[in-house]
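# Understanding the architecture of this molecule
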Amino acid sequence: DAMVIQNPRYQVTQFGKPVTLSCSQTLNHNVMYWYQQKSSQAPKLLFHYYDKDFNNEADTPDNFQSRRPNTSFCFLDIRSPGLGDAAMYLCATSRDRGPEKLFFGSGTQLSVL
Amino acid sequence: GENVEQHPSTLSVQEGDSAVIKCTYSDSASNYFPWYKQELGKRPQLIIDIRSNVGEKKDQRIAVTLNKTAKHFSLHITETQPEDSAVYFCAARGGGSYIPTFGRGTSLIVHP
């Protein structure tokens, strides 16, 4: 009964080789988020969607892009991964804007060789 | 924007002891303060939250207190158990944004 599903659980890519991470949700939530989490650090918000409206954080590198083709799915594209992009990528959802609980996926651990 | 400081970064206690994790925030308009628990290799999960119109909230062995004047809030875990071992993140939702800002996390280790 997983509610926020991320695939794959582990992803290995080569330096500079584009990679796509996926997230799906069965909650019908309006808001979907992508966080980057490096070891022993807080999750860092990359961007989020409120419905179809895309919101990019000011310090998110251009190397990171996102797509939300429908309510249920959201993708994170890393166009040219560098060694510094190795991290856990967490997808999360919330029912709406406001003081809402975040529901996280299990994450994708990205390694860059 | 909002800035959240969390202390300590690591907390080691004996089973049965109490544990307290403290966070401060910068935006006086912040109105929502959730706490997430992340066990090793697992997703963060909400364990308790508090809104700015409440000073304290309890759920069994877990409690959160909020001091709006001082702009700090704390997580209290009583009668700690080994399964409480995890990283705990506090967060604050600023008045001008619906996106919570996370603290850096506290690694709680409960020794049997």
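A short tour of the structure in this document, coming up. The residue numbering used here restarts from 1 in each chain and proceeds along that chain's sequence as written. As they are written, the chains are lettered A onward and the ligands numbered 1 onward, keeping that order. Per-residue local features are limited, in this predicted model, to residues with pLDDT of at least 70; the limit for side-chain atom pairs, both in listing and counting, is 80 or more; totals at the level of whole chains, interfaces and linings are taken over all residues. Excluding hydrogens and water, the side-chain values take into account all heavy atoms of the structure.

Once that is clear, we can look at the environment of Asp62(A). All names here are of chain A. Only DSSP runs of H or I covering at least 4 residues are called helices, and only runs of E covering at least 2 are called strands; the numbering of each starts at the N terminus. Tracing the sequence through the fold places Asp62 in the loop between strand E6 (53-56) and strand E7 (64-67). We call a residue buried when its accessible area falls under 20% of the maximum for its residue type, exposed when it is over 50%, and partly exposed in between, using a 1.4 Å probe and counting protein chains only. On the accessibility criterion, Asp62 (60% relative accessible area) is exposed. Separated by 17 residues in sequence, Asp62 and Arg79 place their C-alpha atoms 8.7 Å apart.

Before going further, it helps to examine the sheet that holds strand E3 (residues 19-25) of chain A. All names here are of chain A. Pairing in this open sheet of four strands is antiparallel, and the strands run E1-E3-E8-E7 from one edge to the other. The sheet is open, and its two borders are formed by strand E1 (4-7) and E7, each paired with just one other strand. Direction aside, the axes of adjacent strands within the sheet are offset by 20° on average. Whether two strands pair depends on DSSP finding at least two bridges between them. Structural elements are reduced to axes, namely lines fitted to C-alpha atoms, with helices fitted over the stretch in contact, and the angle between N-to-C directions of any two is expressed from 0 to 180 degrees.

Time to look at the state of the cysteines. Criterion for a disulfide: a pair of cysteine sulfur atoms within 2.5 Å. The tally for this structure, following the rule as stated, stands at two disulfides over all chains. Bridging Cys23(A) to Cys91(A), the disulfide has an S-S length of 2.0 Å. On the sign convention where negative is left-handed, the bridge of Cys23(A) and Cys91(A), at about -70° about the S-S bond, is left-handed. Of this pair, Cys23(A) sits in strand E3 while Cys91(A) sits in strand E9 (residues 87-94), placing them 68 residues apart in sequence. Grouping residues by exposure puts Cys23(A) and Cys91(A) together as buried. The disulfide partner of Cys23(B) is Cys90(B), and the gap between their sulfur atoms is 2.0 Å. What sets the handedness of the Cys23(B) and Cys90(B) disulfide is the S-S torsion sign, and at about -100° it is left-handed.

Before going further, it helps to spend a moment on the packing of aromatic side chains. We call Phe, Tyr and Trp rings a pair once their centres come within 6.5 Å, taking the six-membered ring for Trp, and we label the pair stacked below 30 degrees between planes, edge-to-face above 60, and tilted otherwise. Considering all chains together, one arrives at 15 aromatic pairs over all chains under this definition. When the centroid spacing of 5.6 Å and the interplanar angle of 70° are considered together, the rings of Trp35(B) and Phe73(B) count as edge-to-face. A residue pair is termed long-range when its members are at least 10 positions apart, and Trp35(B) in strand E4 (residues 32-38) and Phe73(B) in strand E8 (residues 72-77) qualify at 38 residues. Taking relative accessible area as the criterion, Phe73(B) reaches 0% and is therefore assigned buried. Ring pairing ties together the aromatic residues Tyr33(A), Tyr35(A), Phe104(A), Tyr36(B), Phe89(B) and Phe102(B), which thus form one cluster. Looking at Arg9(A), its charged tip hangs above the ring of Tyr10(A), at a distance of 5.3 Å from the centre. The positively charged end of Arg97(A) is found above the aromatic ring belonging to Tyr50(A), 3.7 Å away from the centroid. Here, a charge over a ring means that NZ of Lys or CZ of Arg falls within 6 Å of the ring centre while also lying within 35 degrees of the ring normal.

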